[in-house]
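Summary of structural features
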Amino acid sequence: MRNRLNHSRITFALGSLALALAVSSVARAQTDASPAAPPARGGTGGNVLMNKLNNGPGGPAPKRDLNGFWTGPISAQDGEAPSLTPAAQKLFSANKPERKTNVKETNDNFVKTCDPMGFPYNAMYQTRGIGFSTLPDRLMIFYQAQRVWREVWTDGRPLPKNVGGTGKGAPDPRYYGYSVGHWEDDSTLVIETTGIDDKTWLDPRGYPHSVEAHVTERYTRPDHNDLQLTVTVDDPKMYTKPFLLGTNKFRWIPDQELDEQLCVPSDIMEYMNLVGNSSN
Amino acid sequence: MKSRLFTFAALAVAFLAFCGPLLAHHGNASLNTDKVLVLKGATVQRLVWANPHCILVFNMTDDKGNVVQWAGEVGSPSAMNQMGWNRHSVKMGDVITVYFFQAKTGNPVGRINKIVLADGTTLRDSALGADKPAQGAAAQ
């Protein structure tokens, strides 16, 4: 037990260090990109978001570089309706996304109780803002919604096998899975993810997945201020063929500031008591 | 001055047009959005400044003289910030007018379209803040 505690402390310390490094790296990138004094941060600014979204192409994209903070539509564009296996159909019919029901009747645990969204659900539903920071051996991805981060290994390691398996040393499934990434060309980053906890949904449509699901993100940066994301899923246990889950677009944030956007369990309980339970 | 006002109005409209469908954490299917209730004499109880939705809690006196508590959601704090609100926009006891999309259930809950303060200031919702013709103004 003590060993486990010590181990978790060390892991936490290393994680904190990585995060601190990552954040400082973003801060450095931010300084490089914006030599002018940052604009004043006002509480009642009227068109901050408009400015964030209407800043033109901003010149050519730097090569193999997504570093910095981006914003865009909250929800991604849905992809195709996939062809489900019987096992997936059973799970899918038990899922009650808010889109098909309402905030009171849904069994989406993010909507109901602010549970972690997991990946790729968060990328499909609510990023609100997204940040990237490159370390020597990995890429850190930060999400404004819920202040969540992912680490994407770029040191050439393979994805783990047998996540959630019974064998000795099998890694545990995670809400945000295990990710590795590489640059396909100077403007396209490809990230592969597996080992995602199967209690999460793929997206707010309520599509299920297995722990073996293989999710591919493809980020393309056509110019300095634009970033496009395509997400595909390969999960033979659940779907008869790989399919496009959705696409998203992001814009470079001129002042590079993200907001704090937390779904707080006690707040959502108050919301349900005051509004949600009575409005449905 | 006129052109600045026009620019502000254009930006506000563009913001609403762009962000309206995107800023909602929860859907609006349960609301009667065809009809905006005009609730005059609403007495503010509190403004819950929290994610994913801020909530304005206020009292209305119905036809029989009973005080009824109403609760209306608006957008998230960051979205409302963009619309000119902050956590101190209203305080307990303020008497305001609330433009309101009531839940189809008929309960005194729903989504706020806009509020008008005693000094005439108008504060709009981030998602459903565009003007709609008022119908069937509710009794106080």
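Up top is the structure.
Here's what I pulled together on the structure shown here. (Residues numbered from 1 in each chain as written. Chains lettered and ligands numbered in written order. Predicted model: local features only at pLDDT ≥ 70, side-chain atom pairs only at ≥ 80, totals over all residues. Heavy atoms only, no water.)

1. What about the overall build of chain A?
This is how the line gets drawn: Every helix listed is a DSSP run of H or I at least four residues long, and every strand listed is a run of E at least two residues long, numbered separately from the N terminus. Relative accessibility decides the category of a residue: with a 1.4 Å probe and only protein chains considered, values under 20% of the type maximum give buried, values over 50% give exposed, and everything between is partly exposed. Residues are treated as being in contact if the distance between any of their heavy atoms lies within 4.5 Å. The method behind every accessible area is Shrake-Rupley, applied with a 1.4 Å probe, and residues are considered shielded solely by the protein chains displayed.
Per the secondary structure count, chain A includes six helices and ten strands. Counting the 280 residues in chain A, one finds 47% classified as buried. The contacts of chain A with a sequence gap of at least 6 include a subset with a gap of at least 24, amounting to 62%. With the model as given, the accessible surface of chain A reaches about 13700 Å², and the carbon-plus-sulfur share is 55%.

2. Observations regarding the overall build of chain B
Per the secondary structure count, chain B includes two helices and six strands. Counting from the amino terminus, chain B carries its helices and strands in the arrangement α-β-β-β-α-β-β-β. A burial count over chain B gives 49% of its 140 residues as buried. In chain B, 59% of the contacts between residues at least 6 apart in sequence involve partners at least 24 apart. Approximately 6700 Å² of chain B is accessible, and the part contributed by carbon and sulfur atoms is 55%.

3. Here's the deal with the environment of T134 of chain A
Considering the arrangement of structural elements, one finds T134 of chain A in strand β3 (residues 129-134). Residue classification places T134 of chain A among the partly exposed residues on the basis of a relative accessible area of 42%.

4. A few points about the nonpolar core
So the rule is basically this: For this analysis, a nonpolar core means a set of buried residues of the types Ala, Val, Leu, Ile, Met, Phe, Trp, Tyr and Cys, connected via side-chain atoms within 4.5 Å.
Residues I130, F132, I141 and Y219 of chain A together with I55 of chain B are the most contacted members of the largest nonpolar core, which totals 56 residues. The dominant element in this core, judged by the number of residues it contributes, is helix α6 (residues 265-276) of chain A, at five residues. Excluding residues within four positions of it along the chain, I141 of chain A makes contact with I130, G131, F132, V148, W149, R150, V152, I191 and Y219 of chain A.

5. As for the state of the cysteines
All names here are of chain A. What counts is decided by this rule: Pairs of cysteine sulfur atoms within 2.5 Å are identified as disulfides in what follows.
Summed over all chains, the structure comprises one disulfide over all chains. The disulfide partner of C114 is C263, and the gap between their sulfur atoms is 2.1 Å. Every disulfide takes its handedness from the sign of the S-S torsion; for C114 and C263 that torsion is -55°, giving left-handed. A residue pair is termed long-range when its members are at least 10 positions apart, and C114 in the loop between α4 (109-113) and α5 (121-125) and C263 in the loop between β10 (243-252) and α6 qualify at 149 residues. On the basis of relative accessible area, C114 is assigned to the buried category, the value being 9%. By relative accessible area, C263 is classed as buried at 8%.

6. Examining the packing of aromatic side chains
We count it as follows: Aromatic contacts are taken between Phe, Tyr and Trp rings whose centres are within 6.5 Å, Trp giving its six-membered ring; a plane angle under 30 degrees counts as stacked, one over 60 as edge-to-face, and the others as tilted. By definition here, charges over rings are those cases where NZ of Lys or CZ of Arg is within 6 Å of the ring centre and within 35 degrees of the ring normal.
Under the definition given, this model contains twelve aromatic pairs over all chains. Ring geometry for W70 of chain A versus W252 of chain A: centroids 5.3 Å apart, planes at 85°, classification edge-to-face. In this pair, W70 of chain A sits in strand β1 (residues 68-71) while W252 of chain A sits in strand β10, placing the two residues 182 residues apart along the sequence. With relative accessibility at 0%, the residue W70 of chain A sits in the buried group. When the ring centre of F119 of chain A is taken as reference, the NZ or CZ atom of R150 of chain A above it lies at 3.8 Å. Positioned above the aromatic ring of Y99 of chain B, the side-chain terminus of K114 of chain B is 4.5 Å from the ring centre.

7. A word on α6 of chain A
Threshold: Each helix should span, by expectation, one fewer than its residue count multiplied by 1.5 Å.
For α6 of chain A, which comprises twelve residues, the first-to-last C-alpha distance of 14 Å sits more than 12% below the rise-based estimate of 16 Å (1.5 Å per residue). Buried-residue contacts for α6 of chain A involve α4 of chain A together with β1 (37-48), β2 (55-61), β3 (67-73) and β5 (109-116) of chain B.

8. With respect to the pairing of strand β4 (residues 138-143) of chain A
Burial runs high along β4 of chain A: six of the six residues are buried. Here β4 of chain A shows no split at all, with R138, M140 and F142 of chain A on one side and L139, I141 and Y143 of chain A on the other all buried.

9. What about the environment of T154 of chain A?
Residue and element names in this part refer to chain A. In this fold, T154 is placed in the loop between β5 (148-153) and β6 (178-185). The spacing of T154 and D137 is 17 residues in sequence and 5.4 Å in space, taken between C-alpha atoms. The residues contacting T154, other than those within four sequence positions of it, are P136, D137, R138, L139 and G181.

10. Comments concerning the side chain of N113 of chain B
Structurally, N113 of chain B is set in strand β5. The residues contacting N113 of chain B, other than those within four sequence positions of it, are V36, Y99, F100, F101, R124, D125, L128, G129 and A130 of chain B.

11. Some thoughts on the side chain of Q102 of chain B
Residue and element names in this part refer to chain B. Counted only if it meets this: N or O atoms within 3.5 Å of each other form a polar contact, as long as, within protein, one can give a hydrogen and the other can take it, and as long as residues adjacent in sequence are counted only when both atoms are side-chain atoms.
With respect to the secondary-structure elements, Q102 resides in strand β4 (residues 95-102). A relative accessible area of 19% means that Q102 is categorised as buried. One polar contact links the side chain of Q102 to the main-chain carbonyl oxygen of N107, over a distance of 3.0 Å. Excluding residues that lie within four positions of it along the chain, Q102 makes contacts with L31, N32, L37, W70, N107, P108, V109 and G110.

12. Quick notes on unusual backbone geometry
The omega torsion of the bond from F119 of chain A to P120 of chain A falls at 5°, within 30 degrees of zero and hence cis. Tracing the backbone through its elements, the reader meets P120 of chain A in the loop between α4 and α5. Here N51 of chain B and P52 of chain B are connected by a cis peptide whose omega angle stands at 0°.

Honestly, that's just the spatial picture; any functional story needs more than this.
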